[in-house]
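Descriptive structure summary
The residues making up each chain are set out below.
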Amino acid sequence: MTAGSGIASSLAAISCVGLFVACAGAQDGKPAGKSAEPKLEAFDAGTFTGPIQVDNKWMPLKPGTRYVYEGTTIEDDGTAVPHRIVINVTDLTKMIGGVRTVITWDLDYSDGELVEAELAFFAQDTSGTVWRMGEYPEEYDAGKFIAAPAWIHGLEDARAGIMMPATPQVGTPSYAQGWGPAVNWTDRGQVDQVGQKTCVRAGCYENVLVIAETSAGEPDAQQLKSYAPGVGNVHVGWRGAGEKTKETLELTKVEQLDAKGLAEVRAKALEMEKNAYQRSKSVYAHTAPAEQ
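Keep in mind the model is a prediction, meaning the values are calculated, not measured. (Residues numbered from 1 in each chain as written. Predicted model: local features only at pLDDT ≥ 70, side-chain atom pairs only at ≥ 80, totals over all residues. Heavy atoms only, no water.)

On to the side chain of T186. Position of T186 among the secondary structure elements: in the loop between β9 (175–176) and β10 (188–200). According to the relative accessible area criterion, T186 is buried, its value standing at 9%. Of note is the side chain of T186, whose polar atom sits 3.0 Å from the backbone nitrogen of A216. (Helix = DSSP H or I, 4+ residues; strand = E, 2+ residues; numbered from the N terminus. Buried < 20%, exposed > 50% of the residue type's maximum accessible area, 1.4 Å probe, protein only. Polar contact = N/O pair within 3.5 Å; in protein donor to acceptor, adjacent residues only side chain to side chain.)

A word on the packing of aromatic side chains. What the rule picks out here adds up to 8 aromatic pairs. An angle of 75 degrees between the planes, with centres 5.3 Å apart, marks the rings of F43 and W131 as edge-to-face. With a gap of 88 residues between them, F43 in the loop between α1 (12–19) and β1 (65–74) and W131 in strand β5 (residues 130–141) connect regions that are remote in the sequence. Given a relative accessible area of 5%, W131 falls into the buried group. Centroid distance F121 to Y284: 6.2 Å. Interplanar angle 40 degrees. Geometry classified as tilted. Here Y284 lies in the segment after α2 (259–279) and F121 lies in strand β4 (residues 113–124), a separation of 163 residues in the sequence. An identical accessibility class is assigned to F121 and Y284; each is buried. Taken together, the aromatic side chains of F121, Y136, Y277 and Y284 make up a single cluster linked through ring pairs. Directly above the ring of W238 sits K246, whose terminal nitrogen or CZ lies 5.4 Å from the centroid. (Phe/Tyr/Trp six-rings, centres within 6.5 Å; stacked < 30°, edge-to-face > 60°. Lys NZ or Arg CZ within 6 Å of the ring centre and 35° of its normal.)

Further remarks concern the state of the cysteines. On inspection of all chains with the given rule, the structure shows 1 disulfide. A sulfur-sulfur separation of 2.1 Å characterises the disulfide bridge that pairs C199 with C204. Here the disulfide of C199 and C204 is right-handed, its torsion about the S-S bond being about 115 degrees. Judged by its relative accessible area of 48%, C199 falls in the partly exposed class. Overall, the relative accessible area of 53% leaves C204 in the exposed class. (Disulfide = S-S within 2.5 Å.)

Below is the structure:
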């Protein structure tokens, strides 16, 4: 999840916007062509036997939690554009590939305008590893829907990937964060640093973990995501000569929604799912409905 998407983008949404920008194409907004398949993580639905909770200390996804991130991206002319990400952990779940997943509803704003909304799906196996099971993003331009490059485990050759290892350690190999060849989702992560200290507007954190993310489309660019224990993603930075957006984000607020706020988030996520069944005929239309 960058910022991941506690997270999503972002923390899903953030990684989608920062390292992977889908190109509008056919009905579901898919780009032409497919990436060569890399080494993917072994996935076994039988290892997801516990209750529906994601409590990995580096990426906790407690229903009703809202993470707000603010920062900038740099345009081609060097202009810094305000960027804001809101990650909402819903109380909805969805069966994907025989695994019940937690749903986040993520919103991405550029210069105050909503440019992407996303439903992302996560599950934690018995080892404590958090998996990304897929996502349904909607991209907008001037308030108008333009594309929905969805990928869901088990459909169109897509595979789930690891978003957070159970015990992150420096020196371990990189891992696929999912595989969506139909929409060129090729993100990979690798533990880059541990034991760091990071201060953002939401507070100062110690024993911070840094994950470096890259993708096949931008091999010379990395997004650096910092995770604080018990909180999740608190900062997003970058490095590499190939980095184009030079995105930086920091956690500005983390809050627990009340019953009314959570109900509003749930309604919005279900409304987006209703659209997804119509806009993503080849992917989302083949999934089971979300459940509270």
